[in-house]
There are 2 protein chains.
Amino acid sequence: MKNFDMMLREHDLKATKQRIGILSIMQDKGHINIEDLYGKIKTLFPSISLATLYKNMHLMLKNNLLTEVSVKNSKTLYEITKDSHAHMHCENCGEVYDVDFNFENLIYPKDDSFELKDTQVIFSGICKNCK
Amino acid sequence: MKNFDMMLREHDLKATKQRIGILSIMQDKGHINIEDLYGKIKTLFPSISLATLYKNMHLMLKNNLLTEVSVKNSKTLYEITKDSHAHMHCENCGEVYDVDFNFENLIYPKDDSFELKDTQVIFSGICKNCK
DNA sequence: ATCCTTGCAAATGATTTGCAAGAGT
DNA sequence: ACTCTTGCAAATCATTTGCAAGGAT
């Protein structure tokens, strides 16, 4: 718990028990949407409100503690910000897996008029479990 | 108009004037979200309802005439399905640009347990106009 | 003629806001 | 103590549904 406590402080956020709870669930799940996260966090803090969850998600996103993962046909997912990697998204069960990926290998028409900040790669298909 | 008329038929959809209107706006705009699309389509068909727009978008997506583009922190965008390409997304103005991209060049740890169907690449940053 | 699509209104679902009480530093 | 966060309720915004009338083949 000291762990998440520090993470929050380092990102200029107060370490509330709700936030620590959110982060511990996210660490456990890897990728999670708001609905599922709310279900989980309520088992830790039965009185937590959805408004609090949304407020915290937005704050942690803004402070770069969390990262948004947008996948087609699915609710937006969130993960704890990690080093660069790609995602595999199962179109059947919706699960998202991290994939080691070296962005240096990406060959594309460099365009100096565009200030590149981030690159996202998402592989869609059917995962092992669903085949 | 014969153009979109045929496109619709080829995808097993009736060619209604509302659908043709939606497609012509999309062709013109390239990438557009529901809200903006509704604003535009209403100038062509003032009495069109949002429900009709949503129903048609879902049908055309299902029949692969349209493709969904999910970008972070923005409303979902839609485009007319085209040959494979990547996207550049401006974090400032929200504009999305198509980028020629050869997916053959993508090097990643192939995993036979995952049945790959589609790969999405999104470059985020600041576009020329916003710099 | 038949089946699909439209437009409307209402229902549902998702996200945001304001505010008073409580928690963190 | 001071400021930020929480929980609640209500407001707003986004998407979906059912149904009767109209349109496409």
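Described below are features of the structure shown in this document. Just so it is clear, the model here is predicted, and its values are computed rather than measured.

With that out of the way, let us pick up the protein's contact with DNA strand C. Around DNA strand C lies a shell of 20 residues, among which Y54(A), H58(A), T16(B), R19(B) and K55(B) are the nearest. When atoms of DNA strand C within 4 Å of the protein are split into backbone and base, the sugar-phosphate part holds 70%. The contact in question runs from a base oxygen of DNA strand C to an N or O atom on the side chain of K55(A), over 3.1 Å. Here K75(A) contributes a side-chain N or O atom positioned 3.0 Å from a phosphate oxygen of DNA strand C.

The next point concerns the environment of D98(B). Residues and elements named next belong to chain B. Structurally, D98 can be placed in strand β5 (residues 96-99). Along the primary structure D98 and L77 are separated by 21 residues, whereas in three dimensions their C-alpha atoms are 13 Å apart. Setting aside its immediate chain neighbours within four residues, D98 contacts H31, E79, K82, H85, A86 and H87. Polar side-chain contacts of D98 include one of 3.3 Å to the side chain of H85.

So, about the pattern of salt bridges. A full pass over the atoms with the stated rule returns 10 salt bridges over all chains. Between D98(B) and K82(B) there is a salt bridge whose closest N-O contact spans 3.5 Å. One end of the pair, D98(B), is in strand β5; the other, K82(B), is in the loop between β3 (77-80) and β4 (86-90), with 16 residues separating them in the sequence. Given a relative accessible area of 37%, D98(B) falls into the partly exposed group. Classification of K82(B) by relative accessible area gives partly exposed; the value is 37%. Salt bridges linked by common partners bring E79(A), K82(A) and D98(A) together as one network.

What counts as what
- Residues numbered from 1 in each chain as written.
- Chains lettered and ligands numbered in written order.
- Predicted model: local features only at pLDDT ≥ 70, side-chain atom pairs only at ≥ 80, totals over all residues.
- Heavy atoms only, no water.
- Near = heavy atom within 4 Å.
- Polar contact = N/O pair within 3.5 Å; in protein donor to acceptor, adjacent residues only side chain to side chain.
- Helix = DSSP H or I, 4+ residues; strand = E, 2+ residues; numbered from the N terminus.
- Contact = heavy atoms within 4.5 Å.
- Salt bridge = Lys/Arg side-chain N within 4 Å of Asp/Glu carboxyl O.
- Buried < 20%, exposed > 50% of the residue type's maximum accessible area, 1.4 Å probe, protein only.

Treat this as a map of the structure, not an account of what it does.
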